[in-house]
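Chains, contacts and geometry: an overview
Below, each chain spelled out in residue letters.
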Amino acid sequence: MLNVSMSEQQINTSNLLPERAVVLGCGMAGIAAAAALRNHFEDVVVIERDEIPQQPEPRRGVPQHAQLHNLLTCAQSNLEYLLPNFIAGLREAGAGDASVADETHVYELGIKMPERNLGLRLMSAWRPVIEHVARQRLQDEDRVAFEDLGRAVGLRKSNGSISGVMVEKDGKEKTISADLVVDATGSGSNAFRWLSNVGEQMPQSDRVRAGQWYVSTIFERPIEYADINDFWLTFPNPPDTRGGLISPIGNNKWYVSLSGRVTDKPPKTVEEVKAYAATLGDSLSIASLIKYAKPRTAPNLFRKTTAIMRRYDQVDKPLAGFLPIGDAIASLNPLFGQGMSVASQQARELDCLLAEQRQGSLDLPELTSKYLGRAVVAAQSAWDLGKVVDQTISGSSDAGGFRFEALAKLIQEDPELHKLYVGIWHLIEPTSALQAPDIQDRLDATAKELATTRK
């Protein structure tokens with residue numbers, strides 16, 4: 001690898017690629033970032049503090065490392081764009097794959113949602129499997145190098161721009177020169193310390209008490225459900241706080257996840273898991289499916305006490321070329337499963353901006369500012385999801401108390417509204433879509449009809 005960086009003017013005006021980008025972290029955010037960078041830099045170096053496994057194995061430094069993850073439409077689309085044939089690789093690895101919503105049986109808004117094909121898909125796989133498949137799509141690239149067992153400890157800058165990153169490995173410290181550094185070290189990112197040490201402004205943080213937990217247990221599928229790769233999802237209806245999910249694993253197992261808030265006591269035994277499932281809003285669905293199913297693992301508890309958004313978009317003059325991604329920007333409520341979707345969207349935005357830079361229309365400071373703005377917007381969409389239904393059922397209607405039922409009724413009657421609603425949760429539609437005047441008018445009219453019939 002070369003040690004001499006190209007000048008900013010050369011980057012903007014030459015067809016040659018800038019020398020090197022460094023990605024800190026080899027989770028899905030880091031892999032997505034490396035995929036975006038590989039077409040725009042001569043070398044991409046991925047630094048990982050853990051040992052990178054050659055097979056799908058959990059890594060100590062990864063939160064929820066042994067948990068199953070559901071990939072929503074946004075993540076599927078972005079990762080396939082960044083890593084061609086990624087979806088095929090997941091399917092070959094045995095990932096769950098179902099059509100939404102005819103093969104995903106959802107209880108939400110107080111009703112059993114219509115089972116109709118919306119043209120979307122829901123996929124599920126162990127996080128180590130997802131990472132392994134994604135890494136395989138990168139490891140054949142000459143431009144991408146992986147270095148494990150190294151820990152980032154600081155940044156280097158020159159003339160207001162990033163110039164390298166300090167890495168500690170085997171008790172020794174070295175500096176890796178870089179034209180751009182992506183921080184994909186997750187919610188435990190030390191960027192605030194790194195930036196302070198080089199005299200840069202640190203971002204403010206928004207914090208929300210999530211108070212969320214979920215318990216996962218693997219069950220053997222009853223014989224009658226062998227080879228049926230459907231999902232079952234039960235969402236809590238406010239003020240209820242309990243939810244559940246069944247995701248397929250291979251052809252003979254179910255991954256069962258039950259969720260709650262701080263006011264709910266997490267189940268600790270398989271018997272308690274089955275009893276908790278019977279308290280869900282749709283008590284006859286998940287509870288009946290696992291009632292006689294044989295457990296393959298003990299219940300595993302994961303807690304998320306606080307959601308954090310680091311407001312890099314509000315930094316007056318960000319360090320040019322230093323770009324956080326994924327949980328290093330926003331650590332989200334795990335209930336909605338949006339982390340990989342957000343990180344992949346941020347990586348895709350980065351790819352687009354780097355293409356603009358190569359055409360000479362952006363310099364590095366402009367690229368940095370634009371990326372940080374777009375990256376926070378991507379995270380904000382997921383951050384706001386918990387408010388979607390609340391905003392929709394509120395309003396000035398005299399029949400406001402019936403708007404919740406009105407939304408459920410309209411979704412049952414209107415496939416396009418159903419697809420729009422699900423698309424919001426899959427992050428392919430804006431969270432504001434349900435606030436469109438025509439939808440709000442229909443909600444008001446339907447709510448008034450319901451109120452009249454109840455008198």
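Residues numbered from 1 in each chain as written. Predicted model: local features only at pLDDT ≥ 70, side-chain atom pairs only at ≥ 80, totals over all residues. Heavy atoms only, no water.

1. Section: the nonpolar core
Of all hydrophobic cores here, the largest spans 115 residues; its most connected members are Leu37, Phe86 and Phe322. If sequence neighbours within four positions are ignored, Phe86 has contacts with Leu71, Leu79, Glu80, Ile130, Val133, Ala134 and Arg137. With 18 residues, the next largest nonpolar core counts Val215, Val256, Tyr276 and Leu280 among its residues. (Core = buried A, V, L, I, M, F, W, Y, C linked by side-chain atoms within 4.5 Å. Buried < 20%, exposed > 50% of the residue type's maximum accessible area, 1.4 Å probe, protein only. Contact = heavy atoms within 4.5 Å.)

2. Thoughts on the sheet that holds strand β4 (residues 96-100)
One open sheet accounts for three strands, arranged β3-β7-β4; its pairing is antiparallel. Each edge of the open sheet carries a strand with a single partner, namely β3 (68-71) and β4. Ignoring strand direction, the axes of neighbouring strands in this sheet form an average angle of 20 degrees. Sitting on the sheet, helix α3 (residues 73-82) touches β3 and β7 (120-126), and the angle it makes with β7 is about 80 degrees. (Pairing = 2+ DSSP bridges. Helix = DSSP H or I, 4+ residues; strand = E, 2+ residues; numbered from the N terminus. Axes fitted to C-alpha atoms, helices over the stretch in contact; angles between N-to-C directions.)

3. Some thoughts on helix α7 (residues 270-277)
Within the sequence span of α7, burial applies to Val270, Val273, Tyr276 and Ala277. Each buried residue of α7 sits inside an arc of 120 degrees when the element is viewed along its axis, so together they form one side. Where α7 is buried, its residues meet β13 (205-220), β16 (253-261), α8 (286-290) and β17 (294-295). (Arc of directions from axis to C-beta.)

4. Side note on the confidence of the model for the protein
Residue-level pLDDT values for the protein average 90, and 91% of them are 70 or greater. This model gives residues 1-15 a pLDDT under 50, and the stretch forms 31 contacts once residues within four places in sequence are excluded. (pLDDT = per-residue confidence, 0-100.)

5. A closer look at the environment of Ala343
Along the chain, Ala343 turns up in helix α9 (residues 339-358). Between the C-alpha atoms of Ala343 and Asn78, which are 265 residues apart in sequence, the distance is 9.4 Å. The contacts of Ala343, once residues within four sequence positions are left out, are Ala29, Ile325 and Gly326.

6. Concerning unusual backbone geometry
For the bond from Val100 to Ala101, the omega torsion is 10 degrees, close enough to zero to count as cis. Looking at the element boundaries, Ala101 is found in the loop between β4 and β5 (104-108). Backbone geometry at Asn159 places phi at a positive 55 degrees, although glycine is not the residue there. By the secondary structure assignment, Asn159 is in the loop between β9 (151-158) and β10 (161-169). Even without being a glycine, Leu427 presents a positive backbone phi close to 60 degrees.

7. Points about the sheet that holds β10
Judged by pairing direction, the sheet is antiparallel, and its three strands sit side by side in the order β9-β10-β11 without closing on themselves. Of all the strands in the sheet, the pair left with one neighbour each is β9 and β11 (172-177). Averaged over neighbouring strand pairs, the angle between their axes works out to 25 degrees when direction is ignored. Looking at chain direction, β10 and β11 are connected through six bridges and run antiparallel. Note on β11: the bridge partner recorded for Gly164 is Ser177.

8. Observations regarding the packing of aromatic side chains
Within a pair of aromatic rings, the relevant descriptors are the distance that separates the centres and the angle that separates the planes. The tally for this structure, following the rule as stated, stands at seven aromatic pairs. With centroids separated by 5.6 Å and ring planes inclined at 85 degrees, the aromatic side chains of Trp126 and Tyr255 adopt a geometry described as edge-to-face. Of this pair, Trp126 sits in strand β7 while Tyr255 is found in strand β16, placing the two residues 129 residues apart along the sequence. Under the relative-accessibility criterion, Tyr255 is labelled buried at 4%. Site record: aromatic cluster; members linked through ring pairs are Tyr225, Trp232 and Trp254. The residue whose ring lies beneath Arg348 is Tyr81, and the NZ or CZ to ring-centre distance is 3.9 Å. (Phe/Tyr/Trp six-rings, centres within 6.5 Å; stacked < 30°, edge-to-face > 60°. Lys NZ or Arg CZ within 6 Å of the ring centre and 35° of its normal.)

9. Notes on the environment of His69
Secondary-structure assignment places His69 in strand β3. His69 gets classed as buried once you look at its relative accessible area, which sits at 13%.

10. So, the pattern of salt bridges
Under the criterion given, the structure shown has 21 salt bridges. With a closest N to O distance of 2.8 Å, Arg121 and Asp97 form a salt bridge. Of this pair, Arg121 sits in strand β7 while Asp97 is found in strand β4, placing the two residues 24 residues apart along the sequence. Among the charged side chains, a salt-bridge network with shared partners connects Glu48, Asp50, Arg59, Arg127, Glu131 and Arg135. (Salt bridge = Lys/Arg side-chain N within 4 Å of Asp/Glu carboxyl O.)

11. Considerations on the packing of helix α12 (residues 403-413) against helix α14 (residues 437-454)
Where α12 meets α14, the closest approach of the two axes is 8 Å, and the angle between their N-to-C directions is 110 degrees. Taken together, the axes of α12 and α14 are roughly perpendicular relative to one another. The way α12 lies across α14 gives a crossing that is right-handed. The residues of α14 that touch α12, namely those facing Arg403, Glu405, Ala406, Leu407, Lys409 and Leu410, are Gln440, Arg442, Leu443, Asp444, Thr446, Ala447, Leu450 and Arg454. Residues that form the contact of α12 with α14 fall into these classes: six nonpolar, two polar and six charged. (Parallel < 35°, antiparallel > 145°, perpendicular 65-115°, else oblique. Left-handed = near helix turned anticlockwise from the far one by under 90°. Nonpolar A, V, L, I, M, F, W, Y, C, P; charged D, E, K, R; others polar.)

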